[in-house]
Amino acid sequence: MAREESLKSDGNSAVTSSTNKITIAFFAATLVLWFGSVIFEIVFNKRVELVYVVAGCFFYQMANLAVRFAVSKDPLVINTSVSLIHSTICSISVVSILLNQLASKSFEEVFDHSQLFGGTWAGAYTALCFSCGYFAYDQWDMLQYHLYSGFIPSILVHHFLLLICFTLALYRNVTINYLILTLICELHSIFLHVRKLRRMAGVRDAKNKIVKMEWVLSWMTFFLARLGSHILITAKLISDANKFGKGVELPLALFGMVGMNLLNIFLGLDLLKACKREIKNSQQQYHRD
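Residues numbered from 1 in each chain as written. Predicted model: local features only at pLDDT ≥ 70, side-chain atom pairs only at ≥ 80, totals over all residues. Heavy atoms only, no water.

- The name recorded for the protein chain in an unreviewed UniProt entry is TLC domain-containing protein, from Papaver nudicaule.
- In its Subcellular location (unreviewed entry) section, the UniProt record describing the protein chain reads: "Membrane". (UniProt positions renumbered as here; feature names shortened; annotations may be inferred.)

Next up, the structure:
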């Protein structure tokens with residue numbers, strides 16, 4: 001019986017190893033093809049502005065090395081720390097871009113369809129390139145250290161789709177401002193990464209004032225910067241549907257936003273469970289003490 005269980009275990013390990021190799025091979029191949037495409041555009045099509053995509057890749061890889069040297073050698077801690085750096089930089093960039101526009105134009109002018117679809121706000125193209133570089137770096141880091149789970153990991157699929165959407169927009173120079181608006185959700189991502197690092201550091205008491213404040217800010221930014229902003233973007237796409245041409249931009253944008261809204265709902269439910277769990281664990285710890 002023990003031998004039979006051992007054989008089953010060995011068989012499951014072999015299957016897991018095989019599927020993991022397929023996953024790595026597929027996503028690594030798509031990443032290499034993506035990077036080759038970007039280099040081709042820069043070198044042969046003289047799209048010098050796309051160099052910020054490569055700069056983003058290298059910047060976050062350097063941040064990775066800095067965290068590894070100064071903070072921790074744990075791949076998950078490093079990956080989460082770099083993700084926090086990206087969320088912070090991206091949030092500051094997006095908010096600055098929007099405030100700069102609203103300071104010089106009316107609300108209606110800033111969010112007019114012609115601006116969102118065909119225009120490019122000052123700094124928006126560079127910010128999108130830099131974030132594109134981050135998602136490529138993060139994809140590679142997760143593949144390198146196996147920071148994912150499942151045969152078709154949702155996080156790798158998420159990054160894969162984002163790279164396609166962002167890169168196509170950058171190549172064609174359309175919907176840049178729409179994509180910048182979707183990145184407002186990075187304000188909420190800051191608190192997701194802070195929570196993850198906080199828990200890895202062993203701080204899990206829901207009655208701690210800092211933890212309470214973190215949860216308050218996390219819920220506020222979830223409803224305003226993530227759920228609310230993505231619903232408004234979806235509503236804007238639907239209301240301006242007749243202003244789009246006959247290309248694939250509208251179907252792709254709507255498909256992407258429906259996917260994002262669904263992911264936001266699932267994320268909200270996961271957050272609610274996590275919040276309840278932390279409160280329950282803290283109460284049990286209090287009673288034990």
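Describing the state of the cysteines
Link 1 in the chain: This structure, assessed with the given rule, holds zero disulfides.
Link 2 in the chain: Free of any disulfide, Cys 185 has its nearest neighbouring cysteine sulfur in Cys 90, separated by 7.7 Å.
Link 3 in the chain: Residue Cys 185 is classed as buried on the basis of its relative accessible area, which comes to 8%. (Disulfide = S-S within 2.5 Å. Buried < 20%, exposed > 50% of the residue type's maximum accessible area, 1.4 Å probe, protein only.)

Comments concerning the UniProt feature "domain: TLC" (unreviewed entry) in the protein chain
Link 1 in the chain: UniProt annotation of "domain: TLC" (unreviewed entry) refers to residues 72–280 when read in the numbering used here.
Link 2 in the chain: The straight-line gap between the two end C-alpha atoms of residues 72–280 is 30 Å; of that span, 79% is helix and 0% is strand. (Helix = DSSP H or I, 4+ residues; strand = E, 2+ residues; numbered from the N terminus.)

Comments concerning the packing of helix α3 (residues 75–104) against helix α6 (residues 124–145)
Link 1 in the chain: Where α3 meets α6, the axes come as close as 11 Å, and the angle between the chain directions of the two elements is 170°. In terms of orientation, α3 and α6 fall into the roughly antiparallel class. Counting all contacts with α3, which are made through Pro 75, Asn 79, Val 82, Ser 83, His 86, Cys 90, Ser 93 and Ile 97, the residues of α6 involved are Ala 124, Ala 127, Ser 131, Tyr 134, Phe 135, Tyr 137, Asp 138, Asp 141, Met 142 and Tyr 145.
Link 2 in the chain: The residue makeup of the contact of α3 with α6, split by class, is 11 nonpolar, five polar and two charged. (Axes fitted to C-alpha atoms, helices over the stretch in contact; angles between N-to-C directions. Parallel < 35°, antiparallel > 145°, perpendicular 65-115°, else oblique. Contact = heavy atoms within 4.5 Å. Nonpolar A, V, L, I, M, F, W, Y, C, P; charged D, E, K, R; others polar.)

Some details on helix α9 (residues 186–200)
Link 1 in the chain: A rise of 1.5 Å per residue sets the reference length of α9, with its 15 residues, at 21 Å; its end C-alpha atoms lie 21 Å apart and thus fit the reference within 8%.
Link 2 in the chain: Those residues of α9 that fall on the buried side of the exposure criterion are Glu 186, His 188, Ser 189, Ile 190, Phe 191, His 193, Arg 195, Arg 198 and Arg 199.
Link 3 in the chain: Once α9 ends, the next one or two residues include Gly 202, with phi positive near 90°. (Expected span 1.5 Å × (residues − 1).)

Some remarks on the packing of aromatic side chains
Link 1 in the chain: For the structure shown, the criterion picks out 19 aromatic pairs.
Link 2 in the chain: Ring centres of Phe 59 and Tyr 60 lie 5.0 Å apart, and the angle between their planes is 90°; on these two criteria the pair is classed as edge-to-face.
Link 3 in the chain: A relative accessible area of 0% means that Tyr 60 is categorised as buried.
Link 4 in the chain: On the numbers, 5.2 Å between centres and 65° between planes, the contact of Tyr 134 with Phe 135 is edge-to-face. In this structure, Tyr 134 and Phe 135 share a single accessibility class: buried. (Phe/Tyr/Trp six-rings, centres within 6.5 Å; stacked < 30°, edge-to-face > 60°.)

Structural notes on the UniProt feature "transmembrane region" (unreviewed entry) in the protein chain
Link 1 in the chain: Within this numbering scheme, the UniProt entry marks residues 21–44, 50–71, 83–103, 115–136, 148–170, 176–194, 215–238 and 250–272 as carrying the feature "transmembrane region" (unreviewed entry).
Link 2 in the chain: Between the end C-alpha atoms of residues 115–136 the distance is 27 Å, and the span holds 77% helix and 0% strand.
Link 3 in the chain: Each end of residues 148–170 is marked by a C-alpha atom, and these two atoms are 28 Å apart; helix forms 74% of the span and strand 0%.

Considerations on the environment of Lys 243
Link 1 in the chain: With respect to the helices and strands, the residue Lys 243 is situated in the loop between α10 (209–239) and α11 (249–288).
Link 2 in the chain: Exposure remark for Lys 243: the relative accessible area of 48% places this residue in the partly exposed category.
Link 3 in the chain: In this structure, the C-alpha to C-alpha distance between Lys 243 and Phe 117, residues 126 residues apart in sequence, is 9.6 Å.

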